[in-house]
Amino acid sequence: MNYLSRRCRSIQPYIAGEQPQDKKYVKLNTNECPYPPSPEVEKTLKEFDAGRLRRYPDPENAKLVATIAARHGVNAENVFVGNGSDEVLCMCFPAFFDENDGIAYADVTYSFYKVWAHMYGVNSVKIPLDDEFKLVPEDYVGIKGVKGIMICNPNAPTGMPLGRLDLLRIVESNPDKIVIVDEAYGEFASCSVANRVNDYPNLLVVKTLSKAYALAGARCGYALGNKSLIDGLKAVKNSMNSYTVNALTEAIAIAALSDKKYYAGVVDKINAEREETADALRELDFEVLPSSSNFIFARHKKLSGSEIYFSLKENGVLVRHFKGERISDFVRITIGTREEMKTLLAEVKKIVKNRN
Ligand code: PMP
């Protein structure tokens, strides 16, 4: 007897990056922040009254929603919060798509989109990036045959941004379609359209505190959009779980968002380290895509992606390798601290030397 639903039997789950518990790696595989969260977060954690955990959290997370709204200059009715942006993005599928509707997204992008589409019976329409892994805006302008569009900006795993004007051109030319912009890495770039959600009723911007805010373990993400889109997400959420953001996460997320200055410093350090690492890799015969994120996507002229991945892992450095058609030659490397990047480059040098 198979007790699983037909849907469950057919799903192809996403495979998250390794979180090894056995040995200590220089961990550059899941785009986590190499620096700790703001001191305000630590202070909030220390002062948090454990007694508060007896109670359920505020199902509306009103304080967090107000903080996010103030940060982006929108109203509370324009904000939806969730347990990481993966949860928010997942809820977009039942909120905005019916079975057999189409969703357009790039052939090389965050691989979770196809998993959610499949789970909700939504048809994926994959639009190839060009030969340089750039998104071609014209491919999406006035696009036919889909209910909505998902754009990861900057894109993952390439790290490459689509300019604001190109993105808004896509939004403007598709007034009958929802355009979801996943800005998980938006803080590292200058292509955010978060402040334009009130201008376009079909624009939903999804963001996270997991990357630039160094809170991947706390699980907090959010969406910004027109009230009717946000109400749709709330209806889905309240049909699944009333308390997606727990009380402790709510408190530390508010603390993090209050410390703009600290995080601006974090982003500057990571961006500077990224440029230095990319230059050093280019000198070692890597092609490095121009990234505006906290990671780089690179391939070597002679070494295969899996060779680099396995050799680095053996020597205690974890990066990410994807087996996808156009990208299996590449590895994705998260930008760590200066020390971590030094170790990475030393190990890469050894691998390249052994091969020559
Ligand atoms: N979008 C993209 C493009 C990502 O790379 C990630 C992290 N894997 C997420 C969304 C989800 O991040 P989180 O759930 O931690 O907010």
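As the structure is a computational prediction, the values presented were derived from the model and not from experiment.

Once that is clear, we can look at the nonpolar core. Ranked by size, the top nonpolar core spans 66 residues in total, and within it Phe96, Ile180, Leu204, Phe286, Val319 and Leu344 carry the most contacts. In this structure, phenylalanine 286 is in contact with Leu281, Ala298, Arg299, His300, Ile308, Val348 and Val352, ignoring residues within four places of it in sequence. Membership of the second largest hydrophobic core comes to 53 residues, among which are Val74, Leu209, Ala218 and Ala255.

Strands sit in the order S2-S8-S7-S6-S5-S3-S4 across an open sheet of 7 strands; the sheet is mixed. Both edges of this open sheet fall to strand S2 (79-82) and strand S4 (123-127), since each of them pairs with a single strand only. Within the sheet, the average angular offset between the axes of one strand and its neighbour, ignoring direction, is 20 degrees. Judged from the 5 bridges that link them, strand S7 (residues 203-208) and strand S8 (residues 221-225) form a sheet pairing that is antiparallel. Paired with threonine 208 across the two strands is glycine 221, which belongs to S8. Sitting on the sheet, helix H3 (residues 62-72) touches S2, S7 and S8, and the angle it makes with S2 is about 125 degrees. The strands that helix H6 (residues 164-172) touches are strand S5 (148-152), strand S6 (178-182) and S7; relative to S5, the one it contacts most, it runs at about 170 degrees.

Evaluated as defined, the whole model comprises 21 salt bridges. Note that lysine 46 and glutamate 42 form a salt bridge whose closest N and O atoms lie 3.3 Å from each other. With lysine 46 and glutamate 42 both in helix H2 (residues 39-47) and 4 residues apart, the pair spans about one turn of that helix. For lysine 46, a relative accessible area of 66% puts it in the exposed group. Here glutamate 42 falls in the partly exposed class, since its relative accessible area comes to 46%. One continuous salt-bridge network, built from bridges that share partners, spans Glu138, Asp166 and Arg169.

On to the packing of aromatic side chains. Tallied over the entire structure, the rule returns 17 aromatic pairs. Both rings, one in phenylalanine 112 and one in tryptophan 116, keep their centres 4.1 Å apart while their planes meet at 5 degrees; by these two values the pair is stacked. Placement of both phenylalanine 112 and tryptophan 116 in helix H5 (residues 112-119) is noted, with a separation of 4 residues, approximately one turn of the helix. Both residues of the pair, phenylalanine 112 and tryptophan 116, belong to the buried class. Between tyrosine 185 and phenylalanine 295, the aromatic rings sit 4.9 Å apart at their centres with planes inclined by 80 degrees, giving edge-to-face as the arrangement. Of this pair, tyrosine 185 sits in the loop between S6 and S7 while phenylalanine 295 sits in strand S10 (residues 295-300), placing them 110 residues apart in sequence. As far as burial versus exposure is concerned, tyrosine 185 and phenylalanine 295 are alike and both buried. Each residue in the set Tyr14, Phe93, Phe97, Tyr105, Tyr110, Phe112, Tyr113 and Trp116 is aromatic and connected to the rest through ring pairs, giving one cluster. Taking NZ or CZ as reference, lysine 269 lies 4.0 Å from the ring centre of tyrosine 35, over its face. Sitting above the plane of the phenylalanine 295 ring, arginine 332 keeps its charged end 5.6 Å from the centroid.

This paragraph deals with the domain arrangement of the protein. Domain assignment breaks the protein into domain 1 (17-36 + 261-355) and domain 2 (39-258). Put simply, the middle of domain 1 and the middle of domain 2, counted by C-alpha atoms, are 26 Å apart. With both chains or domains summed, domain 1 and domain 2 bury close to 2000 Å², and 64% of this area falls on carbon and sulfur atoms. It is Tyr263, Ser292 and Arg326 that lose the most area in domain 1 upon contact with domain 2, and together they represent 34% of the buried surface on that side. One can count 1 salt bridge joining domain 1 with domain 2. Between aspartate 107 and arginine 326 there is a salt bridge, and its shortest N-O distance comes to 2.9 Å. Applying the counting rule to domain 1 against domain 2 returns 9 residue pairs in polar contact (both at pLDDT 80 or more). Only helix H9 (260-283), S10 and strand S12 (330-334) provide two or more residues apiece to the side of domain 1 that touches domain 2. Tallying contributions element by element places H9 first for the side of domain 1 that touches domain 2, with 7 residues. Residue composition of the side of domain 1 that touches domain 2, by class: 15 nonpolar, 7 polar and 5 charged.

Note the cis peptide between asparagine 153 and proline 154, where omega equals -5 degrees. Cis peptide bonds are those with omega within 30 degrees of zero, and the linkage from alanine 156 to proline 157 qualifies with 5 degrees. Note that proline 157 resides in the loop between S5 and H6. Despite not being glycine, arginine 219 shows a phi value in the positive range, around 65 degrees. Among the structural elements, arginine 219 can be located in the loop between S7 and S8.

Cut-offs applied
- Numbers given for residues are sequential positions, taken from 1 along each chain in its written order.
- With the structure being a predicted model, the display of local features is reserved for residues of pLDDT at least 70 and the display and counting of side-chain atom pairs for 80 or more, all residues being used for whole-chain, interface and lining totals.
- Hydrogen atoms and water are omitted, and side-chain values are computed over all heavy atoms in the structure.
- In this text, buried Ala, Val, Leu, Ile, Met, Phe, Trp, Tyr and Cys residues form a nonpolar core when linked through side-chain atoms within 4.5 Å.
- The buried label applies to any residue whose accessible area, calculated with a 1.4 Å probe on protein chains only, is under 20% of its type's maximum; exposed applies above 50%, and partly exposed to all values in between.
- Any pair of residues with heavy atoms lying within 4.5 Å of one another is described as a contacting pair.
- Strand pairing is assigned whenever DSSP detects at least two bridges linking the two strands.
- By the criteria applied, helices consist of DSSP H or I runs no shorter than four residues and strands consist of E runs no shorter than two, each listed in order from the N terminus.
- In this analysis, axes come from line fits to C-alpha atoms, helices being fitted only over the stretch in contact, and the angle between any two N-to-C directions falls in the range 0 to 180 degrees.
- Salt-bridge detection follows one rule: a side-chain nitrogen of Lys or Arg within 4 Å of a carboxyl oxygen of Asp or Glu.
- Aromatic pairs are defined between Phe, Tyr and Trp rings, using the six-membered ring for Trp, whenever the two ring centres lie within 6.5 Å; interplanar angles under 30 degrees are classed as stacked, those over 60 as edge-to-face, and all others as tilted.
- Any Lys NZ or Arg CZ that is within 6 Å of a ring centre and within 35 degrees of that ring's normal is treated as a charge sitting over the ring.
- A domain assignment, automatic or from a database, supplies the domain bounds used here.
- Buried surface area refers to the total accessible area, computed with a probe of radius 1.4 Å, that the two partners give up upon joining, counted for both partners together.
- Counted as a polar contact is a pair of N or O atoms within 3.5 Å, where, for protein atoms, one must be capable of donating a hydrogen and the other of accepting one, and residues adjacent in sequence contribute only when both atoms are in side chains.
- Residue polarity is assigned by list, with Asp, Glu, Lys and Arg as charged and Ala, Val, Leu, Ile, Met, Phe, Trp, Tyr, Cys and Pro as nonpolar; anything else, Gly included, falls into the polar class.

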